[in-house]
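# Coordinate inspection notes
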Amino acid sequence: NPDAVEIFQKISTANATLSDPNKRQVYDRFGEQGVQMLESMAAHGVPPWLLSPAAQSGILCTLVVFVLLVFVAQPVLILMRIDEVIHVTWFVILIPIWLANALLLALILGCGRDHDEPAERT
């Protein structure tokens, strides 16, 4: 019976999901697509804790602070340095911009790494 194989695969997938507490928590929160995303992330080496709300909140807070630093505080510091209100070297003033460039370079190099692997054919 060809339908029996498909039903057995669904039952074994459900059993694997419900027997693993982490997968069950992800399934309860995000559904079947969440479990598939978790397995895909694990296959690519991404840590599964990125799905937790605490990690997502921490990443969001870090991004907000970084954006405020680069786009609000940085221009103010540059203008204060130009007006000679503060006497700090340009090296110190431009550190956030260099960090932003290093982060952008790391992201570009990290994203480019996935395209080098040959795609699997099914």
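What counts and what doesn't
- Residues numbered from 1 in each chain as written.
- Predicted model: local features only at pLDDT ≥ 70, side-chain atom pairs only at ≥ 80, totals over all residues.
- Heavy atoms only, no water.
- pLDDT = per-residue confidence, 0-100.
- Helix = DSSP H or I, 4+ residues; strand = E, 2+ residues; numbered from the N terminus.
- Patch = residues over 30% accessible without salt bridge, like charges linked within 9 Å, V, L, I, M, F, W, Y side chains within 5 Å.
- Areas by Shrake-Rupley, 256 points an atom, 1.4 Å probe, with all protein chains shown as cover.
- Salt bridge = Lys/Arg side-chain N within 4 Å of Asp/Glu carboxyl O.
- Phe/Tyr/Trp six-rings, centres within 6.5 Å; stacked < 30°, edge-to-face > 60°.
- Buried < 20%, exposed > 50% of the residue type's maximum accessible area, 1.4 Å probe, protein only.
- Core = buried A, V, L, I, M, F, W, Y, C linked by side-chain atoms within 4.5 Å.
- Contact = heavy atoms within 4.5 Å.
- Polar contact = N/O pair within 3.5 Å; in protein donor to acceptor, adjacent residues only side chain to side chain.
- Axes fitted to C-alpha atoms, helices over the stretch in contact; angles between N-to-C directions.
- Parallel < 35°, antiparallel > 145°, perpendicular 65-115°, else oblique.
- Nonpolar A, V, L, I, M, F, W, Y, C, P; charged D, E, K, R; others polar.

### With respect to the confidence of the model for the chain
Taken as a whole, the chain shows an average pLDDT of 83; of its residues, 90% reach a score of 70 or greater. Here helix α6 (residues 95-113) stands out as the element of the chain with the lowest mean pLDDT, 81, in contrast to helix α5 (residues 90-93), whose mean of 91 is the highest.

### Details of a nonpolar patch on the surface
A contiguous nonpolar surface patch, about 580 Å² in accessible area, is contributed by Leu60, Val64, Val67, Leu68, Phe71 and Val72. If you trace the backbone, Phe71 turns up in helix α4 (residues 53-82).

### Comments concerning unusual backbone geometry
Phi is positive for Glu84, which is not a glycine, with a value near 60°. Looking at the element boundaries, Glu84 is found in the loop between α4 and α5.

### Overview of the packing of aromatic side chains
Using the criterion set out here, one finds one aromatic pair in the structure. With a centroid separation of 5.2 Å and an interplanar angle of 55°, the aromatic rings of Phe91 and Trp98 are classed as tilted. Looking at Phe91, the relative accessible area reads 53%, which means it is exposed. Take Trp98: its relative accessible area is 42%, and that puts it in the partly exposed class.

### Comments concerning the pattern of salt bridges
Within this structure, the stated rule accounts for two salt bridges. Lys10 is the partner of Glu6 in a salt bridge, and the nearest nitrogen-oxygen pair spans 3.6 Å. Of this pair, Glu6 and Lys10 both sit in helix α1 (residues 2-19), four residues apart, which is roughly one turn of that helix. When the shortest N-O distance is used, the salt bridge between Glu39 and Lys23 registers 3.2 Å. Of this pair, Glu39 sits in helix α3 (residues 32-43) while Lys23 sits in helix α2 (residues 21-30); the two residues are 16 residues apart in sequence, bridging distant segments of the chain. On the basis of relative accessible area, Glu39 is assigned to the partly exposed category, the value being 40%.

### Some points on the nonpolar core
Val26, Val35, Leu38, Met41 and Leu51 form the largest nonpolar core, which has five residues in total. If one sorts the elements of this core by residue count, α3 sits on top with three residues. Those residues within four positions of Val35 in sequence are excluded, and the remaining contacts are Thr17, Lys23, Val26 and Tyr27.

### Remarks on the side chain of Thr17
With respect to the secondary-structure elements, Thr17 resides in helix α1. A polar contact of 2.9 Å, which involves the side chain of Thr17, links it to the backbone oxygen of Thr13. Leaving out residues up to four positions away in the same chain, Thr17 has contacts with Lys23, Arg24, Tyr27 and Val35.

### Topic: the packing of α1 against α2
Axis separation between α1 and α2 bottoms out at 5 Å; the angle between their running directions is 100°. By the criterion of interaxial angle, the relationship of α1 to α2 is roughly perpendicular. Within the contact between the two elements, α1 uses Ala16, Thr17, Leu18 and Ser19 and α2 uses Pro21, Lys23, Arg24 and Tyr27. Residue composition of the contact of α1 with α2, by class: four nonpolar, two polar and two charged.

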